[in-house]
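Commentary on secondary and tertiary structure
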Protein chains: 2
Amino acid sequence: MSGPAYTRLENDERRRRLLELGADLFTRNAYDEISMAQIAREAGISKALLYHYFPSKQDYFVATLASGAEELRRRVEPDPELPPAEALTAAIDAYLAWIEDNSEAYEKLLQSAATVPEVREIVEGVRATTVDRILAGIGATTPVARTAVRGWLWFMDGACLDWIAHRDLDRGQVLGLLLGTLGGALMAAGVQLPVTEGSDP
Amino acid sequence: MSGPAYTRLENDERRRRLLELGADLFTRNAYDEISMAQIAREAGISKALLYHYFPSKQDYFVATLASGAEELRRRVEPDPELPPAEALTAAIDAYLAWIEDNSEAYEKLLQSAATVPEVREIVEGVRATTVDRILAGIGATTPVARTAVRGWLWFMDGACLDWIAHRDLDRGQVLGLLLGTLGGALMAAGVQLPVTEGSDP
DNA sequence: CAGGCTACTGACCGGCGGTCAACAAACCGT
DNA sequence: ACGGTTTGTTGACCGCCGGTCAGTAGCCTG
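A brief structural summary. (Residues numbered from 1 in each chain as written. Chains lettered and ligands numbered in written order. Predicted model: local features only at pLDDT ≥ 70, side-chain atom pairs only at ≥ 80, totals over all residues. Heavy atoms only, no water.)

From N to C terminus, chain A includes nine helices and zero strands. When the elements of chain A are put in sequence order from the N terminus, they spell out α-α-α-α-α-α-α-α-α. Relative to the globule expectation of 17 Å for 201 residues, the C-alpha radius of gyration of chain A, 21 Å, shows a markedly less compact shape. On the principal axes, the C-alpha backbone points of chain A span a range of 80 × 35 × 30 Å. (Helix = DSSP H or I, 4+ residues; strand = E, 2+ residues; numbered from the N terminus. Rg over C-alpha atoms; globule rule 2.2 N^0.38 Å.)

Now the structure itself:
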């Protein structure tokens, strides 16, 4: 009986708001706990408009993840100036710090990764390159070394989930556990570790 | 224009056939890759009848898993006569043997576990009791030891998935990797292992 | 061959992800 | 002040999903 039926926004602005909303909603609910209709209602728009900006729910979800993933990638990127061992330590510590800052998002991400094929592939890809990086860093090539590193990445996620579920460890302890376990796994895989000189203050 | 419109079966017989079919279908397709309508069609019955025997898709899925899970539990049950260390070794080896025999089922199970809440809870429960068992066996009580063991269970699944994906290791190698990594993780967690006497022939 | 027990079915429900033609808010030149 | 154009936006619709229910019909008993 009065003003306009809806407010018209510029393309970029609407997109920006939807991404922001999605980042929020998807850290509070896992992928299939929330429907596109609910999201649209929350955004105060029609479902059709949501689909106008993002071709599918998966695409919307992935786009929503993108900025966070970019930040994570930046923080975790190993310093090429450091020797491999310290670069790895620094990268893991950065990873742990990110998880500490974004624990809900981390939990929901792992949960959703199993469900959404596209995310699954992204995570798998990251893991694969990480495995290669580590194997290259220690000069190991045997199948059992590959299995050890791949298993260790799972160890990492399991330990992190336990960590943020209980919050009764500090980051340093988790870091030590992860590094020590990686060493143990590689030893069990029969890998000869290149000795780093004088690095235990 | 002729015979009966459908064949009537006895309650138990129908149930048996549906469970058998489900065990087959769910090892070839993950939980939400297949719909109840498809399953019913495959079984040659109406969807309503399927729901007459199982109150929900989740229940059907869990029931389908039950027999396999029972067999796994039986095979993995540790021998109480053995000292803890050897009992653990035997249990892990049995677990690996089961995976070797049922690799598709194992893969689909892990995939579905993330999706189906009820299965997720079952798997979580099994993991929790396993963690307690191991912690009790080594007499460890610290949070970091708990995190180490919990993470190691993830390591186990990750390593097994890699193993059956590549099939370039034999079971003994995987067993050695798992045991060695558990030792490494516990060491990294600062656990003093009770020494077993003379057990490396 | 009548009658009952119950294994079975067809039709229906709300909600999902996804699509489409049509509408209207804002900006434009006049 | 106003008609035309652009394009951000909408309501109605689709097929499929998990799940429900009143009613049908195969089989066994007498």
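Moving on from the model shown.
We now examine helix H1 (residues 11–28) of chain B. All names here are of chain B. Between the first and last C-alpha of H1 there are 26 Å, a value that for 18 residues agrees with the 26 Å anticipated at 1.5 Å per step. When we look at burial in H1, the residues that qualify are Arg14, Leu18, Leu21, Gly22, Leu25 and Phe26. Taken end-on, H1 shows its buried residues confined to a sector of 125°, consistent with a single buried face. Counted as exposed and oriented over 90 degrees from the buried face of H1: Asp12 and Glu20. Elements in contact with the buried residues of H1: helix H2 (36–43), helix H3 (47–53), helix H4 (57–76) and helix H6 (103–115). (Expected span 1.5 Å × (residues − 1). Buried < 20%, exposed > 50% of the residue type's maximum accessible area, 1.4 Å probe, protein only. Arc of directions from axis to C-beta. Contact = heavy atoms within 4.5 Å.)

So, about the relation of the copies chain B and chain A. Mapping chain B onto chain A is achieved by rotating through 180° and translating by 0.1 Å along the same axis, at an RMSD of 0.1 Å. On this basis, the relationship between the two copies can be described by a two-fold rotation axis. Of the interface residues in chain B, 100% have counterparts in chain A that sit at the interface too, so the contact is made through matching surfaces. (Least-squares fit on C-alpha atoms with pLDDT ≥ 70 in both.)

Considering all chains together, one arrives at 13 aromatic pairs over all chains under this definition. Note on Tyr95 of chain B and Tyr106 of chain B: the rings are 6.5 Å apart at their centroids and 85° apart in plane angle, and the pair reads as edge-to-face. Taken together, the positions of Tyr95 of chain B in helix H5 (residues 84–101) and Tyr106 of chain B in helix H6 put the pair 11 residues apart, joining distant regions of the chain. Neither residue differs from the other here; Tyr95 of chain B and Tyr106 of chain B are each classed as buried. A cation sits over an aromatic face here: Lys57 of chain A above Tyr31 of chain A, 4.5 Å from the ring centre. (Phe/Tyr/Trp six-rings, centres within 6.5 Å; stacked < 30°, edge-to-face > 60°. Lys NZ or Arg CZ within 6 Å of the ring centre and 35° of its normal.)

We now examine the pattern of salt bridges. The full count for this structure, using the stated rule, is 30 salt bridges over all chains. Linking Arg146 of chain B and Asp162 of chain A is a salt bridge whose minimum nitrogen-to-oxygen distance equals 2.8 Å. Taken together, the positions of Arg146 of chain B in helix H8 (residues 143–166) and Asp162 of chain A in helix H8 (residues 143–166) put the pair across two chains. This pair shows no difference in class: Arg146 of chain B is buried, exactly as Asp162 of chain A is. With a shortest N-O distance of 3.4 Å, Arg171 of chain B and Glu100 of chain B are connected by a salt bridge. (Salt bridge = Lys/Arg side-chain N within 4 Å of Asp/Glu carboxyl O.)

As a matter of local geometry, DNA strand C sits amid 25 residues, with Arg8, Lys47, Tyr51 and Lys57 of chain A together with Ala48 of chain B nearest to it. Here Ser35 of chain A contributes a side-chain N or O atom positioned 3.3 Å from a phosphate oxygen of DNA strand C. A distance of 2.6 Å separates a base oxygen of DNA strand C from a polar atom in the side chain of Lys47 of chain A. Put simply, the parts of the chain that give the surface near DNA strand C at least two residues each are helix H2 (36–43) and helix H3 (47–53) of chain A together with H1 and H3 of chain B. Residues of the surface near DNA strand C, tallied by class, amount to 14 nonpolar, six polar and five charged. (Near = heavy atom within 4 Å. Polar contact = N/O pair within 3.5 Å; in protein donor to acceptor, adjacent residues only side chain to side chain. Nonpolar A, V, L, I, M, F, W, Y, C, P; charged D, E, K, R; others polar.)

Another aspect to go through is H4 of chain B. Residue and element names in this part refer to chain B. Counted at 1.5 Å a residue, the expected span for H4 with its 20 residues is 28 Å, and the 28 Å between its end C-alpha atoms agrees. The sharpest bend along H4 reaches about 35° and sits at Ala66. Against H1, H2, H3, H5, H6 and helix H7 (117–138) lie the buried residues of H4. (Bend = angle between axes of the 7 residues up to and from the residue.)

The next point concerns the packing of helix H4 (residues 57–76) of chain A against helix H7 (residues 117–138) of chain A. Relative to each other, H4 of chain A and H7 of chain A sit at 40°, their axes nearing to 9 Å. Here Gln58, Asp59, Phe61, Val62 and Leu65 of chain A of H4 of chain A lie close against H7 of chain A, whose contacting residues are Pro117, Glu118, Val119 and Ile122 of chain A. (Axes fitted to C-alpha atoms, helices over the stretch in contact; angles between N-to-C directions.)

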